[in-house]
Amino acid sequence: MSVIATTGAATTRRATFRRLAVWLVSAAVLLILPQIFTSGLAVTVMNQMGIAIVFALSYNMMLGQGGMLSFGHAVYFGLGGFFAMHMIDWVDQQLFVFPIYLTPFMGGLFGLFMALVIGSFSTRRAGTVFAMISLGIGELVAALSLILVVFFGGEEGVSGDRTTGPGIFGFNFLQDIEVYYLIAVWVLVAVLFMYLFSRTPAGRMANAVRDNPERAEFVGYSQRTVRLISFCAAGFFAGIAGGLFAINYEILTEQNLNATTSGGVLLMAYIGGIGYFIGPIVGAVIFTLLQTVLSGYTDLWVLYVGLVFLATVLYVPTGLTGIMMMHVPAWRLGRLRSLVVPYLTMVIPVAMLFCGLVGLLEMFHYRNGAPTGEVEMTVFYVTVDFTSPLPWAVFTALTLAGGYLTRRLAPAVAASFQAATSYDAKGSSA
Amino acid sequence: MFELILFSILNGLVYGLLLFMLSSGLTLIFSMMGVLNFAHASFYMLGAYFAFTMSGYIGFFPALIIAPIIAGLLGALVERYGLRHVHRYGHVAELIFTFGLAFLIEEVVQFFWGKQLQDYRVPEVLDFTFFEMFGNAFPAYKAFMLLVSIAIFVLLFAVLTRSRVGMIIQAAITHPNIVAMLGHNVPFIFMATFGVGSALAAIAGVIAGPVLGTGPAMAFELGTIVFVVVVFGGLGSLSGAFVASIMIGLIQTVAVALDVSVSDFFGLFGMSFSPDDFLVDVWTITLPQIAPIIPYLMLVLMLIFRPQGLMGKRES
Amino acid sequence: MQTSRFAGLVVALAMTAGIAVGQAQAADTIKIGFIDPLSGPFAAVGQSGLKQFTFAADELVNKKGGVLGGTMLEVTGYDNQVSAKEALIQLKKAIGDGVKVIVQGNSSGVANALTDAVEKHNTRNPDQRILYLNYSAVDPALTNEKCNFWHFRFDANADMKMEALTDDIKARADIDKVYVIGQDYSFGKAVAAAAVDMLGKKRPDLEIVGNELHPIGKVKDFTPYVTKIKASGAKAVITGNWGADMVNLAKAANDIGLDVPFYTYYAAGNGITATLGAAGKGRIMLVTEGAANPAHTDAFRAYTTAYEAKYENENITQFRIINTVQMLARAIDKAGNTNVDDIARALEGMEFTTIAGDRVIMRASDHQLAMPIRIFVHTDENVEFDMDNSGFGLVEERAVPVSAVELPTTCKMKRPS
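Residues numbered from 1 in each chain as written. Chains lettered and ligands numbered in written order. Predicted model: local features only at pLDDT ≥ 70, side-chain atom pairs only at ≥ 80, totals over all residues. Heavy atoms only, no water.

For chain B, the name recorded in an unreviewed UniProt entry is High-affinity branched-chain amino acid transport system permease protein LivH, with Oceanibacterium hippocampi as its organism. If you open the UniProt record of chain B and go to Subcellular location (unreviewed entry), you find "Cell membrane". Taken verbatim from the UniProt record of chain B, the Sequence similarities (unreviewed entry) comment is "Belongs to the binding-protein-dependent transport system permease family. LivHM subfamily." (UniProt positions renumbered as here; feature names shortened; annotations may be inferred.)

Looking at an unreviewed UniProt entry, one finds chain A named Leucine/isoleucine/valine transporter permease subunit and attributed to Oceanibacterium hippocampi. According to UniProt, the comment filed for chain A under the heading Subcellular location (unreviewed entry) is "Cell membrane".

Chemist: How should the overall build of chain B be read in this particular structure?
Modeler: On a plain count of helices and strands, chain B comes out with 14 helices and 2 strands. Rg of the C-alpha trace for chain B: 21 Å, near the compact-globule value of 20 Å for 316 residues, within the 12% margin. Oriented by its inertia axes, the alpha-carbon framework of chain B measures out at about 70 × 50 × 40 Å. Across the 316 residues that make up chain B, the buried fraction comes to 58%. Counted over contacts in chain B with a minimum sequence separation of 6, partners at least 24 positions apart contribute 77%. With the model as given, the accessible surface of chain B reaches about 12900 Å², and the carbon-plus-sulfur share is 71%. Of the side-chain charges in chain B, 11 are positive and 16 negative, and the distance between the mean point of each set is 23 Å. (Helix = DSSP H or I, 4+ residues; strand = E, 2+ residues; numbered from the N terminus. Rg over C-alpha atoms; globule rule 2.2 N^0.38 Å. Buried < 20%, exposed > 50% of the residue type's maximum accessible area, 1.4 Å probe, protein only. Contact = heavy atoms within 4.5 Å. Areas by Shrake-Rupley, 256 points an atom, 1.4 Å probe, with all protein chains shown as cover. Lys, Arg positive; Asp, Glu negative; His and termini not counted. Charge placed at Lys NZ, Arg CZ, Asp CG, Glu CD.)

Chemist: What's the story with the overall build of chain A in this structure? I'm lost.
Modeler: Scanning chain A for helices and strands turns up 17 helices and 4 strands. Relative to the globule expectation of 22 Å for 430 residues, the C-alpha radius of gyration of chain A, 24 Å, shows essentially globular dimensions. Along the longest, intermediate and shortest principal axes, the C-alpha atoms of chain A span 70 × 70 × 45 Å. Burial status across chain A gives 54% buried among its 430 residues. Partitioning the intrachain contacts of chain A with sequence separation of at least 6 by distance along the chain shows that 75% fall at a separation of at least 24. Carbon and sulfur atoms make up 70% of the accessible area of chain A, which amounts to about 18100 Å² in all. The positive charge centre, built from 20 side chains, and the negative charge centre, built from 19, are 26 Å apart in chain A.

Chemist: Honestly, the interface of chain C and chain B in this entry has me stumped. Any pointers?
Modeler: Bring the parts together and some accessible area is lost; that lost area is often taken as the interface size. Taken together, the contact between chain C and chain B spans 33 residues of the former and 33 residues of the latter. With both chains or domains summed, chain C and chain B bury close to 2900 Å², and 57% of this area falls on carbon and sulfur atoms. The three residues of chain C that bury the most area against chain B are Lys-220, Lys-228 and Asp-255 of chain C, which together make up 22% of that side's buried surface. Put simply, chain C and chain B have 1 salt bridge between them. Counting across the interface, chain C meets chain B through 5 residue pairs in polar contact (both at pLDDT 80 or more). Those elements giving two or more residues to the side of chain C that touches chain B turn out to be α2 (43-61), β7 (207-214), α7 (223-232), α8 (244-256) and α9 (272-276) of chain C. For the side of chain C that touches chain B, the element with the most residues is α7 of chain C, which contributes 7 residues. (Buried area = accessible area lost by both parts, 1.4 Å probe. Salt bridge = Lys/Arg side-chain N within 4 Å of Asp/Glu carboxyl O. Polar contact = N/O pair within 3.5 Å; in protein donor to acceptor, adjacent residues only side chain to side chain.)

Chemist: Looking at this structure, I do not really get the nonpolar core. What am I missing?
Modeler: Grouped together as the largest cluster of nonpolar side chains are 360 residues, with contacts concentrated most on Leu-36 of chain B together with Leu-131 and Ile-238 of chain C. For this core, the element with the most residues is helix α1 (residues 2-33) of chain B, which contributes 16 residues. Those residues in contact with Ile-238 of chain C that sit more than four places away from it in its chain are Met-162, Leu-165, Ile-169, Val-178, Tyr-179, Val-180, Ile-181, Val-191, Ala-195, Leu-199 and Tyr-263 of chain C. (Core = buried A, V, L, I, M, F, W, Y, C linked by side-chain atoms within 4.5 Å.)

Chemist: Mind showing me how you'd approach unusual backbone geometry here?
Modeler: Among all residues save glycine, negative phi is the norm, and among peptide bonds the norm is trans. All names here are of chain C. Non-glycine residue His-296 carries a positive phi angle of around 70°. For His-296, a relative accessible area of 40% translates into the label partly exposed. Positive phi outside glycine occurs at Asn-382, with the angle close to 55°. Along the chain, Asn-382 falls in the loop between β14 (373-379) and β15 (393-400). Residue classification places Asn-382 among the exposed residues on the basis of a relative accessible area of 70%.

Chemist: Explanation requested: the state of the cysteines in the structure shown.
Modeler: Two cysteines whose sulfur atoms are joined by a covalent bond form what is called a disulfide. Residue and element names in this part refer to chain C. Evaluation of the coordinates by the stated rule reveals 1 disulfide over all chains. One disulfide bridge connects Cys-147 with Cys-411, the sulfur atoms lying 2.0 Å from each other. Looking along the S-S bond of the Cys-147-Cys-411 disulfide, the torsion reads about 80°, which is the right-handed sense. Placement of Cys-147 in the loop between β4 (131-134) and β5 (151-153) and of Cys-411 in the segment after α13 (402-405) is noted, with a sequence separation of 264 residues between them. Of the two residues examined, Cys-147 and Cys-411, each falls in the buried class. (Disulfide = S-S within 2.5 Å.)

Chemist: Could you clarify how one ought to interpret the domain arrangement of chain A in this entry?
Modeler: Each domain of chain A was delimited in the assignment, giving domain 1 (37-285) and domain 2 (328-421). Here the C-alpha centre of domain 2 of chain A lies 38 Å away from the C-alpha centre of domain 1 of chain A. (Domains from an automatic or database assignment.)

Chemist: I would appreciate a short explanation of the UniProt feature "transmembrane region" (unreviewed entry) in chain B in the present structure.
Modeler: Residue and element names in this part refer to chain B. Per the UniProt entry, the sites bearing "transmembrane region" (unreviewed entry) are residues 12-36, 56-77, 89-113, 140-160, 188-211, 217-235, 242-262 and 282-305 in this numbering. Here residues 140-160 is 100% helix and 0% strand, with 30 Å between the C-alpha atoms at its ends. Measuring from the first to the last C-alpha atom of residues 282-305 gives 25 Å, for a span that is 75% helix and 0% strand.

Chemist: Teacher, can you tell me more about the interface of chain A and chain C here?
Modeler: Tallying the contact residues gives 59 residues for chain A and 54 residues for chain C. Here chain A packs against chain C, burying approximately 5000 Å² in sum over the two surfaces, 61% of which is carbon and sulfur. The tally of links between chain A and chain C comes to 4 salt bridges. Note that Lys-92 of chain C is salt-bridged to Asp-176 of chain A, the shortest N-O span being 2.6 Å. For the pair chain A and chain C, the number of links is 8 residue pairs in polar contact (both at pLDDT 80 or more).

Chemist: Mind showing me how you'd approach helix α4 (residues 103-122) of chain A here?
Modeler: Here α4 of chain A spans 28 Å end to end across 20 residues, near enough to the 28 Å set by a 1.5 Å rise per residue. Three or more residues of α4 of chain A are buried, namely Thr-103, Pro-104, Gly-107, Gly-108, Phe-110, Gly-111, Met-114, Ala-115, Ile-118, Gly-119, Phe-121 and Ser-122 of chain A. (Expected span 1.5 Å × (residues − 1).)

Chemist: Quick question: what am I supposed to make of the pairing of strand β4 (residues 382-385) of chain A here?
Modeler: For a regular strand, side chains alternate in direction, first toward one face of the sheet and then toward the other. Residues and elements named next belong to chain A. Pairing of strand β3 (residues 376-379) with β4 involves 4 bridges; the strand directions are antiparallel. Across the sheet, Thr-378 pairs through a bridge with Thr-383, a residue of β4. Linking β3 to β4, which pair antiparallel, is a turn of 2 residues; within it Phe-380 sits at a positive phi near 50°. (Pairing = 2+ DSSP bridges.)

Chemist: What is the right way to look at the sheet that holds strand β3 (residues 101-104) of chain C in this model?
Modeler: Two pairing modes exist for strands in a sheet, parallel and antiparallel, and in both the strands are linked by backbone hydrogen bonds. Residue and element names in this part refer to chain C. Spatial strand order, β2-β1-β3-β4-β5: 5 strands in an open sheet with parallel pairing. The sheet is open, and its two borders are formed by β2 (72-79) and β5, each paired with just one other strand. Each strand of the sheet is rotated relative to its neighbour by a mean of 25°, with strand direction disregarded. Alignment of β3 against β4, held across 4 bridges, turns out to be parallel. Bridged to Val-103 within β4 is Leu-133. Here helix α3 (residues 84-96) sits on the sheet and contacts β1 (29-36), β2 and β3; the angle it forms with β2, its principal contact strand, is near 145°. (Axes fitted to C-alpha atoms, helices over the stretch in contact; angles between N-to-C directions.)

Chemist: Honestly, the pattern of salt bridges in this entry has me stumped. Any pointers?
Modeler: Pairs can form between side chains of opposite charge whenever their charged atoms are close. Inspection of the entire model under this criterion finds 37 salt bridges over all chains. Put simply, Asp-161, Arg-162, Asp-176 and Glu-250 of chain A together with Lys-92, Asp-116, Lys-120 and Arg-124 of chain C are held in one network by salt bridges that share partners.

Chemist: Looking at this structure, how should I read the side chain of Glu-94 of chain B?
Modeler: Residues and elements named next belong to chain B. Structurally, Glu-94 can be placed in helix α4 (residues 91-113). Of the side chains with opposite charge, Arg-84 comes closest to the buried, unpaired Glu-94, at an N-O distance of 9.3 Å. Within the structure, Glu-94 has its side chain in polar contact with the side chain of His-87 (distance 2.8 Å).

Chemist: Help me understand the sheet that holds strand β11 (residues 351-353) of chain C in this model?
Modeler: Residues and elements named next belong to chain C. If you walk across this open sheet you meet the 3 strands as β11-β12-β13, and the pairing is antiparallel. Two strands in the sheet have a free side with no partner beyond their single neighbour: β11 and β13 (369-370). Direction of pairing for β11 relative to strand β12 (residues 359-362): antiparallel, over a ladder of 3 bridges. Looking at the pairing, Thr-353 lines up with Arg-359 of β12. Against the sheet, helix α11 (residues 320-335) touches β11, β12 and β13, its axis set at about 130° to β11.

Chemist: I tried to follow the packing of helix α5 (residues 127-147) of chain A against helix α9 (residues 218-233) of chain B on my own but got confused; where do I start?
Modeler: Axis angle and axis distance: for two packed helices, these are the angle between their axes and the distance between the axes, and together they describe the pair. Remark: α5 of chain A packs on α9 of chain B, axes separated minimally by 11 Å, with the N-to-C direction vectors making an angle of 130°. Regarding the angle of α5 of chain A to α9 of chain B, the classification is oblique. The handedness of the crossing between α5 of chain A and α9 of chain B is left-handed. Between α5 of chain A, through Met-132, Leu-135 and Glu-139 of chain A, and α9 of chain B, the contact on the second element is made entirely by Thr-224, Phe-227 and Val-231 of chain B. Here the residues of the contact of α5 of chain A with α9 of chain B are counted per class, giving 4 nonpolar, 1 polar and 1 charged. (Parallel < 35°, antiparallel > 145°, perpendicular 65-115°, else oblique. Left-handed = near helix turned anticlockwise from the far one by under 90°. Nonpolar A, V, L, I, M, F, W, Y, C, P; charged D, E, K, R; others polar.)

Right, here's the structure in full:
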C-alpha cells in the first residue's frame, strides 16, 4: 500500500480521487452484478458471498491486522445473528416497530457487547493463550446454545419472517433480489468502515502491537487496550454479518456459532491472504463458490478444499491475493507481458497434473461405492470404465508427466518472474 | 452410591490415562518446538484405523506394535516436509498448518475407509469380564488399557529422566542452541520427537478404538479435549499434563454420577424457582448434563487466572 | 488500493465459471432433489439414502414405464452438509435446476428450516411452487403447529413411535422401572417428555427411575451413565440416541453387563449394526416402520435382494423411502400433470398398500402418513436380511397397528385456493 505514501498536492488529490474511484466502481459492480447473473441460484450465492465477505473481513481485523488467531469467531457472528433474528421476530409480533433493514446494526451492537465482555479477559494476552481461550469459549457457547432453548431455540434454532417490518422505497424484502441490494449496501458500508478503521490510529496501533508488542508499550500504548479495541471492532462487524445472515436466511441455528463456522472463516481469510485488506474478500468469494457450486459436482470437494488450504499454508502463505500482488511490480515496470509466454508454458503441465490427480481420486472414490455390475463413471465429461487399466494408466501418466514437467519448467518461470520484477534487470519494454 | 463412585473412579482413571497418552506426546512436541499440534488427535485416529485394518490380517497384538510405528513415521515425515517448511513463516502459520492437516487427514481417512463407523472390536482373548462387584462388571479390556497406559507412562518417565537421550531432549527443550553447538543434530531431534509423539497418540488410538468407537469424527471429538488437558496442565509440563489428564478423566465421569442441578444449588440458600420462569433452562441444568463441557469451562477459567496453566513455567 | 479492481475481476470470473455450468437444462423428466448430507460426519446416512431413493425410482417407477405415460423420475443429490443455511442454498439451487419435488430427512432442525423456506417460497412465488416430501425428520411439530400444505411426512413422527414403544412396555408386566436417557437437544427432550407422559397414562404403576440428558456427540465413554442406570434398578431403557452416542451407549451396557432391553429409534444400519454386533444381541430394540425379517411379501423380498446385489455394502435401512417414491408416482398419475398443488391434493388422503403389504393413509388433516409401526430386536438368529454384512439384523417382535398410533393433530392446514 505504498502508493499512498507520495507527497505533493497534485498527487494527493489524484490518490484521493483514485481511492474514491475504487469505491464508486465497486458500488457500480455490485449494482450491475444481478443484471449479469440473473438466475435465482446466482442471487443466492451472491447473497451468501456478501455475508461471508463481511464476516471474513471482520475476522481479519484480528488475525491479519492484530495478529490474534481466533478459533471461535463464529460466536460473535452467531450471537449477533440470533439477536437480530429475535429483533425480526419482535417486529413480527408487533412488540415495537423497527425497520428490518437496520437490524444488522443491532446484531452488530450485540456482537460488540459480547466481544467487550469476553474480550475483557481474553485479550490480556496474545498468541497461544488467546487462541486457546477463543477455542474454549467457542466450545462453551456452542454447547450452551443447545441447552439454553429460550434464546437459541435448541436444535431448530430461531426463525422468523423478514417481510413484516416497515419497508424502504417500496421494498419489503419478499424476493431474494431485494435482499441482495440490501446486503450489497451493507457490505459496501461495512467494508468501507473496516477499511477506514485500519487507517485510524487504533488500526495502526493494532499493526504495531501485532509486530512488536514491547515497542508499542514503550511508545505508551497498552497492548491489551489496543487488542481489546480490535477485538471489539471485529465482534461488531461479525455481528453485522450475523444480522445480514438473519435477514437473508430467516433462520439462525447452533451451526452458526460452532467450531465448523469458526474454522471456515479462518480458511476463507487464509486462502484469500491475511496480509492484504482485500485478501479475505477474495477468500470469501472463492470459498463460497467451492462450498455451494463444487459440492454439486463431487463428494470429494472437502478433500480438495483441504488440499488447497494446506498447499496455501505451505507454499503461498500470502494467499491468493499475495500471488496477485506479487505481480504489481512487474505491472508497474510494464513487464507483465513478458510473463505471458512463460506462464502459458506452465499452464499445460499444471493442467495435466491437476487432471491426472483429480481423475485418480475420483475414480478411486467412485469405485469404492459403486453399485455391483456398474463399471462406468464420468470424469471431466468423459465416460470411463474404472475396471479397465486404461483410464488408470492415462491418469497416472498425466499426473507423472505433469508433475515432471512442472518441476522441470518451474525454475525457468521463476527466473522470468525475477527478471520481470527486479528493477535492475533489462526489461523488454521498460 | 458407593459402587457408583467406585466404578466412576475406575473408569475415570482409564479415560484419564488414555488422555495422558495423547497429551504426553503433544506436550513433548510443544515443549520442544513451541507448536501446539492441532493434528495430534489425527494421529490417534490414524492409529485406530491402521490397527483396525491390520488386525484383520495379522491380529490385534502385532497391530498394536506396527500401527504406531507407521503413524510415527508419518508424523516424522509431516515434521520434516511440512512443519519445518512452514516454521519460517512463524508460529501462527505453524498452528494454521496443523489445523489444516487435521482437516485434511479426516478427509483422507474418509476417502480410504469411507464415512461410516468401523467395526473395530475388542480382541477375543481380552473379551471377558475381569471382575464383578455389586453386580457391575469390569471388562478385561479396560484393565488391559490401564496396564498399557501405565507401562507407557513409566517408560516415558524413565527415558526422559534416566537415559542419555532423555537428557538431550530435556536440554533441547530449554536450550536448543547450546545443544546444537554441542554437536547434536537438533533438527533430527525435533523430527524424532514429533514422530514419537505421533506414535504415542497412535498407541492411544489402537487401544481406545474398540472402546470409544472408530469413525471419521473420532479425532475431532477427542482433539479439543486433549488441547484442554495440555493447556490446563501447563504448556510444556509433562507432570502438569499428567495431573490434568487424571483430573479431567475423573471429573467427567464422577460428575455424571452426581445428580445436582443449578436450582438444587440455590436451594441450599433457600431460593427456589418457578418452572414458568423465563430462565427455566438455566435453573434446570444438571451436573451430568454439562459434564462433558466442564473441561472447557476449566480451561477458560485457568487461562484467565493463571495463563501458564497448572504447572507450566511459561505462557506460550 | 489499485488491486481492488482485481477483486471485481475475480468475482466476475468466478461467477461466470461457477454458474454458467449450473444452469437448468430442460429434459423430459420430473426432477426430485435429494437435499441431505453427502459430505461430512453424517454423509454415510445421506449417501445411503440417496442410493435407496435412486434405486426405488428406477426399479419401482421408471422400469415400469414411469409416470404420466412415460415421464421418468430423476433423483439428484444436493449436499446440505446438515446445515440449515446450506440446505436453503441447495434448495435455491434445486429450484434453479428445475426441481419440482424435494426430499429430505436427516435432522429435524434442517427440516424445520426447509418447511419454513418452502412455504415462504411457494407463497412468494406462486408460479414456481415446489413440494417437500420429508422421509425421515420426526419432530412432531412438523405435522402439528408447523404444518403446511406443501410438506408431507412419510415417517412416523416421534410421538407415534413412542406410542408404539409404550404399548410394547404396557404389555410387558416385568418392566416396572424405566430409565430415559437422551441427547440434550430438541429431539432427545421430545422423546423424554413423550415417554414420561405416555407411560404415566398407560402404566401408572411403572416408575421412571431416571430421566437424563447428555450433551450430543461429546460423551466418549458411557460407562458412568450405564453404571448409574444399573444402580437405579431400571428394567428397561428408552433412548433417542443416534450415531456414535447410540453405539457407545450400547457398548458400555455390554461391558458393565446391563441386561435390560434398550428401546431405541436409530440403532441400526450404516455401520451401527455391525459395530453393535454381539454387544447388542437381544438387548437392542428398534422402533420403526417397514419389514425386514420376515419380509412379509415376495415383492419386498425380491426388492431387498436386488438392492443388496446391486450395492454389496448397503441395506434397505429406510423402508419409508420406498413408500415416498411409490406414493409420489401415484399422486402424479392421479393429478395428471406436474402442477405441484395438484400433486399435493392428490397425495392428501391417499390410501396405499406398501410393498410389504401394509395399508397406509396420508392423512389430509396434517399430511402425516398413518402407518403401522413395528418393534424389532437386534439379533443374529432367524435373520434373512442382515445389515452391514455382519450376520446381525432386525427381527420383528411386535407390530403395532395403524389405529393404535393415530394421534390427534393441532395442525390448521391452509390450502391454496
